[in-house]
Amino acid sequence: MPAGHTEGMATTEFGQAVRRWRDRVSPEAAGLPGGGRRRAPGLRREELSQLSGISVDYITRLEQGRATRPSEQVVEALARALRLSGQERAHLFRLAGVQPPGPECVPTHLTPSVQRVLDRLTGTPVAVYDATWTLLTANPPYDALMGDTSRWRGRERNGVWRTFLGLSDRVRQDARSRRALERALVADLRAATARYPADQRLRRLIADLRTHSERFAELWDTGITGRHESARKTIDHPQAGAVTLDCDILTLEGSDLHIMVYTAEPGSEDAERLALITALGLQTFVA
């Protein structure tokens, strides 16, 4: 059979699998508002786009077999948004003609148990990062607090890159807290390279950071080690004003996923302000 024909079949099977799994996931199960008349019980393409950060047009072309060779990042994002099991995720990678990531790579898979934790924290800002501090997913309260993370593309989704390249951030920082954050992030990347020395994506990230940030290169060359600690952070929200919250980072053994959680002391003004921010969501108000 000609190679091109085989590739076309694989692409069609990939699109069919995405469509089949999209029909299986209800909006409510994905943390989206349901209700209203729907032609099918599953996710709309627009909703899958929102969850995965992939354009509706590209999802359409994938499902219709008009797009070939989706990248590993696209396959991973779709697998995560569609809540695939480990076996289903590996199957989707193979349908895309891509080898599923092995144990030598930084884990990026959200297990069903982690997803259930996120589902239960509907009123709490939560984001999940991998060991390279690349954002995997953020819930609606986190986006309401920090800005719409679904708009972040490529390196913008990496917290180390955002910090050292000075991308916009709502967290208020003084010189001391910024230095502590920089040191912790560099130390985390150094620890990740020790655990995943063959991960090419991690190697490219470090090389790019060294090229574009003198501060990162300086800290990296010191051989710094360390770890993140819980901290209180003040976030300047454009509608609700300043809110001071506790930021805790939970690292899962075995997967090295970082779960970042923001909470406020019950009954405090900050708790009331956080509830307002969550209620506002991503609404934009014109003065």
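Use the structure listed above.
Now for a quick tour of the structure. (Residues numbered from 1 in each chain as written. Predicted model: local features only at pLDDT ≥ 70, side-chain atom pairs only at ≥ 80, totals over all residues. Heavy atoms only, no water.)

Description of the overall build of the chain
Tallying secondary structure elements over the chain gives twelve helices and six strands in all. Against the globule reference of 19 Å for 287 residues, the chain gives a C-alpha radius of gyration of 20 Å, in line with a compact fold. The principal-axis extent of the C-alpha atoms belonging to the chain is close to 65 × 50 × 35 Å. Per-residue burial for the chain yields a buried fraction of 43% across its 287 residues. Taken as a whole, the chain presents about 15,400 Å² of accessible surface, with 50% of it coming from carbon and sulfur. (Helix = DSSP H or I, 4+ residues; strand = E, 2+ residues; numbered from the N terminus. Rg over C-alpha atoms; globule rule 2.2 N^0.38 Å. Buried < 20%, exposed > 50% of the residue type's maximum accessible area, 1.4 Å probe, protein only. Areas by Shrake-Rupley, 256 points an atom, 1.4 Å probe, with all protein chains shown as cover.)

Focus on the packing of aromatic side chains
Scanning the model with the defined rule gives four aromatic pairs in all. Ring centres of Tyr 129 and Trp 133 lie 5.1 Å apart, and the angle between their planes is 55 degrees; this geometry places the pair in the tilted category. Using a relative accessible area of 6% as the deciding quantity, one classes Tyr 129 as buried. Ring geometry for Tyr 142 and Tyr 262: centres 6.3 Å apart, planes at 50 degrees, overall tilted. Here Tyr 142, found in helix H7 (residues 140-146), pairs with Tyr 262, found in strand E6 (residues 258-263); they are 120 residues apart in sequence, far enough to count as distant. Of the two residues, Tyr 142 and Tyr 262, both sit in the buried class. Just above the ring of Trp 21 sits the side chain of Arg 20; from NZ or CZ to the centre is 5.6 Å. For Arg 162, the ring lying beneath its charged end belongs to Trp 152, and the centroid distance is 3.8 Å. (Phe/Tyr/Trp six-rings, centres within 6.5 Å; stacked < 30°, edge-to-face > 60°. Lys NZ or Arg CZ within 6 Å of the ring centre and 35° of its normal.)

Observations regarding the pattern of salt bridges
Applying the stated criterion across every chain yields a total of 20 salt bridges. With a shortest N-O distance of 3.5 Å, Arg 215 and Glu 218 are connected by a salt bridge. Placement of the pair is Arg 215 and Glu 218 together in helix H11 (residues 214-221), with a separation of three residues, close to one helical turn. Assessed through its relative accessible area of 26%, Arg 215 is described here as partly exposed. Relative accessible area serves as the criterion here: at 47%, Glu 218 is assigned to the partly exposed category. (Salt bridge = Lys/Arg side-chain N within 4 Å of Asp/Glu carboxyl O.)

Examining the packing of helix H10 (residues 200-212) against H11
For the pair H10 and H11, interaxial distance at closest approach is 5 Å and the crossing angle is 120 degrees. One finds that H10 runs oblique with respect to H11. Pair H10 / H11 crosses with left-handed handedness. Of the residues in H11, those touching H10 at Ile 206, Leu 209, Arg 210 and His 212 are Glu 214, Phe 216, Ala 217, Trp 220 and Asp 221. Looking at the contact of H10 with H11 residue by residue, the class counts come to five nonpolar, one polar and three charged. (Axes fitted to C-alpha atoms, helices over the stretch in contact; angles between N-to-C directions. Parallel < 35°, antiparallel > 145°, perpendicular 65-115°, else oblique. Left-handed = near helix turned anticlockwise from the far one by under 90°. Contact = heavy atoms within 4.5 Å. Nonpolar A, V, L, I, M, F, W, Y, C, P; charged D, E, K, R; others polar.)

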